[in-house]
Amino acid sequence: MKQIVVLGAGTMGNGIAHTFALHKFNVTLIDTDSARLENAVNTIERNLERQVKKGTIDQSEKEEALSNITSTSVLSEGITNADLIIEAVTEDLEIKSDLFRKIDELCPTHAIIASNTSSISITALASATKRPAQVVGMHFMNPVPIMKLVEVIRGYETSDDTATKIMNLATELDKVPVEVNDYPGFIANRILMPMINESIFALYEGVAGREEIDQVMKLGMAHPMGPLQLADFIGLDVCSAILTVLYDGFGNPKYAPCPLLTKMVTARKLGIKTKEGFYKYD
């Protein structure tokens, strides 16, 4: 697989495009929002330059990576020769399913369709296509160029061949692939999100302040970032959406989003992306 298409030019999409391009794959980055697309390419260039300054890559590698990336706002222009399409759009089943139907119609019959979803059922997304055996989850961690883990999620009909190709591909990217089955939240978020939610409950109930909660987890559990700060980085809307998937999928009240989280999402205090969540950001 050499022709890679990434759908969605947000934080995850540009990180995925960056990683593939740096490993000598031809990448087409697609987003219907031209301004977001331009911003994504500029972000990739800045992050590559940061790697040059740190000495992890040289200038020629940066230039080659940038030359490996093309961008377009027209889905049909970039997808017709794809070997692998990775969807990284809004965490919404309806939006993703509609996009999977369009992808299935436009891309070559041999192409694999992957989703970077952090919680939505791969089986449900595959059902929107005529190639469920070639649909798989490829869940990267943020920031993509740095984090080693890739969750490879097998839907109900994902073939052994598809899963093996994606596992091997992740290894080519210097990532560590971990294969999991298709259940709500997979592994990473099934464990992470209840921890974040419980931290929000502790704040909501006045057990401790935000800094104190984060300090306990950083100093006592050796977490590099406290759960409330991490929630800001993930996006409180994303946290709420994942918890809702877990709650709906298992029917267990322990996954219900904390009322404080729901209130903050309603107020559009979403974390880094809106410059205010549990903390304020310049």
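Residues numbered from 1 in each chain as written. Predicted model: local features only at pLDDT ≥ 70, side-chain atom pairs only at ≥ 80, totals over all residues. Heavy atoms only, no water.

1. Some details on the nonpolar core
In terms of nonpolar packing, the biggest core is built from 35 residues, with Phe20, Val27, Leu84, Ile86, Met138 and Phe140 touching the most fellow members. When residues no more than four places from it in sequence are discounted, the contact partners of Phe20 are Ile4, Phe25, Val27, Leu84, Ile86, Met138, Phe140, Leu169 and Leu173. (Core = buried A, V, L, I, M, F, W, Y, C linked by side-chain atoms within 4.5 Å. Buried < 20%, exposed > 50% of the residue type's maximum accessible area, 1.4 Å probe, protein only. Contact = heavy atoms within 4.5 Å.)

2. Side note on the sheet that holds strand β3 (residues 69–72)
The strand order across the open sheet built from eight strands is β3-β2-β1-β4-β5-β6-β7-β8, with neighbouring strands paired in mixed fashion. With one partner strand each, in any of the chains shown, β3 and β8 (176–181) form the two edges of the open sheet. Averaged over neighbouring strand pairs, the angle between their axes works out to 25° when direction is ignored. (Pairing = 2+ DSSP bridges. Helix = DSSP H or I, 4+ residues; strand = E, 2+ residues; numbered from the N terminus. Axes fitted to C-alpha atoms, helices over the stretch in contact; angles between N-to-C directions.)

3. Observations regarding the environment of Lys175
Turning to its location among the elements, Lys175 is positioned in the loop between α7 (160–172) and β8. The exposure class assigned to Lys175 is buried, which follows from its relative accessible area of 7%. For Lys175 and Cys107, which are 68 residues apart along the polypeptide, the C-alpha to C-alpha distance reads 26 Å. Once residues within four sequence positions are removed from consideration, Lys175 is found in contact with Thr19, Val144, Pro145, Ile146, Met147, Lys148, Val150 and Ala170.

4. Considering helix α5 (residues 93–106)
If you check α5, its first and last C-alpha atoms are 20 Å apart, about what 14 residues at 1.5 Å a residue would give, namely 20 Å. Those residues of α5 not exposed but buried are Lys96, Ser97, Leu99, Phe100, Ile103 and Asp104. Angularly, the buried residues of α5 cover 165° about the axis, an arc narrow enough to put them on a single face. For α5, the exposed residues lying more than 90 degrees away from the buried face are Glu94 and Glu105. Those residues of α5 that are buried are in contact with β1 (3–7), α4 (75–79), β4 (84–87), β5 (112–115), α6 (122–126) and β6 (135–140). Capping the start of α5, Asp92 holds a side-chain oxygen 3.0 Å from the backbone nitrogen of Glu94, two or three residues further along. (Expected span 1.5 Å × (residues − 1). Arc of directions from axis to C-beta. Polar contact = N/O pair within 3.5 Å; in protein donor to acceptor, adjacent residues only side chain to side chain.)

5. Topic: unusual backbone geometry
A cis amide bond, omega 0°, links Asn142 with the succeeding residue Pro143. Looking at the element boundaries, Pro143 is found in the loop between β6 and β7 (149–154). Its identity is not glycine, yet Phe186 carries a phi of approximately 55°, on the positive side. Look at Ala222: it is not a glycine, yet its phi comes out positive at around 60°. Turning to its location among the elements, Ala222 is positioned in the loop between α9 (210–221) and α10 (227–234).

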